[in-house]
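Each chain, letter by letter, is given below.
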Amino acid sequence: MSSFPSVVEAYEQQRVATAKANGFSLFAINGDNECPAHVYTIGLSQFKLPELLCFSTPEMMPGTVAMMSQLAAHLVEGVKRLPRLALVKSLIDRGITVSDPEIHYQPEFLQGDDFVYALQGYVTRATRYRHELGMPRGVLVLNHDGVPTIQQIRAAKMLAAV
């Protein structure tokens, strides 16, 4: 037996090291019939910030990764200068608009069952590495036109099971 980690384990360890060094790391997940494409952060919980989650289309994935990286870096820097709650509230109230193409992202702070569903189904490594990076205190999903909300995804899965 080998003591070397698998390719997946090595990749995940590298992402955790990046999160420790930079304050966050991203996981981009390609979609399939069971799970829509999405990007999420790990490590923001080190700053008592919610982790970020954004659903995407395959065509939008490179732009989504770039936007998420910039937003996470902005939050890490922002929490050093501003009260954490004010920073998050401002993000939720204003949202984010990017260009080329123009997309408006409206953050939604997940609560209750939606929060648990996101942790178990989409932001899985944030929970897996909670001992190294801290337990996620919340999830902000970045809703936008062209992709379903987490509530729509949950409803579709529940109806498909009936």
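Right above here is the structure, for reference.
The present account deals with the structure reproduced in this document. Please read all numbers here as calculations on a predicted model, not as lab measurements.

### Overview of the overall build of the chain
If you tally the helices and strands in the chain, you get seven helices and six strands. Reading the chain from its N terminus to its C terminus gives the helix and strand order α-β-β-β-α-α-β-β-α-α-α-β-α. In summary, the chain has a C-alpha radius of gyration of 16 Å against a globular reference of 15 Å for 162 residues, a match within 12%. Overall size of the chain, expressed as C-alpha extent along the three principal axes, is 50 × 50 × 35 Å. When each of the 162 residues of the chain is scored for burial, the buried share is 44%.

### Quick word on the layout of surface pockets
In this structure, the largest pocket occupies an estimated 410 Å³ of space. For the largest pocket, the lining is made up of 22 residues, of which Met67, Leu71, Ile96, Val98 and Tyr105 are closest to its centre. Of all the secondary structure elements, the ones that give two or more residues to the lining of the largest pocket are α2 (61-81), α3 (84-94), β4 (96-98) and β5 (103-109). In terms of residue count, α2 provides more of the lining of the largest pocket than any other element does, eight residues in total.

### Regarding the packing of α2 against α3
The N-to-C vectors of α2 and α3 enclose an angle of 145°; their axes lie 9 Å apart at closest approach. The interaxial crossing formed by α2 with α3 has right-handed handedness. For the pair α2 and α3, contact is made by Leu71, Leu75, Gly78 and Val79 and by Arg84, Leu87 and Leu91, respectively. Looking at the contact of α2 with α3 residue by residue, the classes come out as five nonpolar, one polar and one charged.

### Remarks on the pattern of salt bridges
Tallying each qualifying case throughout the model produces five salt bridges. The salt bridge involving Lys80 is made with Glu77; its shortest N-O contact spans 3.1 Å. Remark: Glu77 and Lys80 occur in helix α2; sequence separation between them is three residues, near one turn of the helix. One salt-bridge network, in which partners are shared between bridges, spans Glu12, Arg125 and Arg128.

About the thresholds
- Residues numbered from 1 in each chain as written.
- Predicted model: local features only at pLDDT ≥ 70, side-chain atom pairs only at ≥ 80, totals over all residues.
- Heavy atoms only, no water.
- Helix = DSSP H or I, 4+ residues; strand = E, 2+ residues; numbered from the N terminus.
- Rg over C-alpha atoms; globule rule 2.2 N^0.38 Å.
- Buried < 20%, exposed > 50% of the residue type's maximum accessible area, 1.4 Å probe, protein only.
- 1 Å grid on protein atoms, 1.4 Å probe; cavity = no way out; pocket = protein on both sides within 12 Å on 5 of 7 lines; lining within 4 Å.
- Points joined across faces, edges and corners; volume = space filled by probe spheres on them.
- Axes fitted to C-alpha atoms, helices over the stretch in contact; angles between N-to-C directions.
- Left-handed = near helix turned anticlockwise from the far one by under 90°.
- Contact = heavy atoms within 4.5 Å.
- Nonpolar A, V, L, I, M, F, W, Y, C, P; charged D, E, K, R; others polar.
- Salt bridge = Lys/Arg side-chain N within 4 Å of Asp/Glu carboxyl O.

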